[in-house]
Amino acid sequence: MKQQAKEKTGALQLSCFYVGSALCGIDINLIQEMNRQMEMTKVPQAPSYVLGIMNLRGRIVTIIDLGRKLGLAPSKTTETSRIIIVNSRDENIGLLVDRITDVVTSKWEDVEPTPSNIKGLKGKYFQGVLKSSRDLIAVLDVGEVLSDD
């Protein structure tokens, strides 16, 4: 069952990044590391959003194009691209993002429900939105993004 942001309380630190023009954030506690290594091996007959697998210091990591998974434009590999490594069900998953920005500190109580214009099929991948001083940050629900992988 999906845990809504409103059910959570207390301190929140989001590591923020861009997928295309969308500013997103992941709870910093879910991130294992951020990596710029982009060498990976393609996986035959994998879903289109699975870019491949990589060997990261002896661990096999499945790399997902987060843009494609969220229904946005596929991410392009550039100088600013990074892979955010998270752990899901004891498996290491890498999320390819266009660029990393900063860490935003707030409270879970400040996360508002996901707006109806992104509540469709892909809106299920978000726990809500956080208004920062400059931007709206879509809070990614990592468990939901990876649930059907």
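Just so you know, these numbers come straight off a predicted model, no measurement behind them.

Novice: Looking at this structure, how should I read the side chain of Thr114?
Specialist: Tracing the chain through its elements places Thr114 in the loop between strand E8 (99-107) and strand E9 (126-131). With relative accessibility at 9%, the residue Thr114 sits in the buried group. A polar atom in the side chain of Thr114 sits 3.5 Å from the backbone oxygen of Phe126. At 3.4 Å, the side chain of Thr114 and the backbone nitrogen of Gly128 are in polar contact.

Novice: Before we go on, may I ask you to explain the pattern of salt bridges in this structure?
Specialist: Side chains bearing opposite charge may pair, as long as their charged atoms lie close to each other. In the structure shown here, the tally under the stated rule is six salt bridges. Taking the shortest distance from any N to any O, the salt bridge between Asp110 and Lys107 comes out at 4.0 Å. Residue class for Asp110 comes out partly exposed when judged on its relative accessible area of 36%. Here the residues in one salt-bridge network are Glu33, Arg57 and Arg59, joined through shared partners.

Novice: Just checking my understanding: could you explain the packing of aromatic side chains for this structure?
Specialist: The description of an aromatic ring pair rests on the distance of the ring centres and on the angle between the ring planes. All told, the structure shown has zero aromatic pairs when counted by the stated rule. The ring of Tyr49 is capped by Lys69, whose NZ or CZ atom sits 4.2 Å from the centre of that ring.

Novice: What is the right way to look at the pairing of strand E6 (residues 82-88) in this model?
Specialist: Judged by how many residues are buried, E6 sits mostly within the fold: six of seven residues are covered. Bridge count for strand E3 (residues 31-35) against E6 is four bridges, and the pairing is antiparallel. Opposite Met34, over in E6, you have Ile84 as the bridge partner. The pairing of E6 with strand E7 (residues 91-97) spans seven bridges and is classified as antiparallel. Looking at the pairing, Asn87 lines up with Asn92 of E7. Taken together, E6 and the strand that follows it, E7, pair antiparallel across an intervening segment of two residues, in which Arg89 is found at a positive phi of about 50°.

Novice: Is there a simple way to explain the environment of Arg36 in this structure?
Specialist: With respect to the helices, strands and loops of the structure, Arg36 is situated in the loop between E3 and strand E4 (50-56). Looking at Arg36, the relative accessible area reads 59%, which means it is exposed. Each C-alpha atom of the pair Arg36 and Thr80 lies 8.3 Å from the other, and the pair is 44 residues apart in sequence. Look past the residues within four positions of Arg36 in its chain and what remains in contact with it is Ser81 and Arg82.

Conventions adopted
Residues numbered from 1 in each chain as written. Predicted model: local features only at pLDDT ≥ 70, side-chain atom pairs only at ≥ 80, totals over all residues. Heavy atoms only, no water. Helix = DSSP H or I, 4+ residues; strand = E, 2+ residues; numbered from the N terminus. Buried < 20%, exposed > 50% of the residue type's maximum accessible area, 1.4 Å probe, protein only. Polar contact = N/O pair within 3.5 Å; in protein donor to acceptor, adjacent residues only side chain to side chain. Salt bridge = Lys/Arg side-chain N within 4 Å of Asp/Glu carboxyl O. Phe/Tyr/Trp six-rings, centres within 6.5 Å; stacked < 30°, edge-to-face > 60°. Lys NZ or Arg CZ within 6 Å of the ring centre and 35° of its normal. Pairing = 2+ DSSP bridges. Contact = heavy atoms within 4.5 Å.

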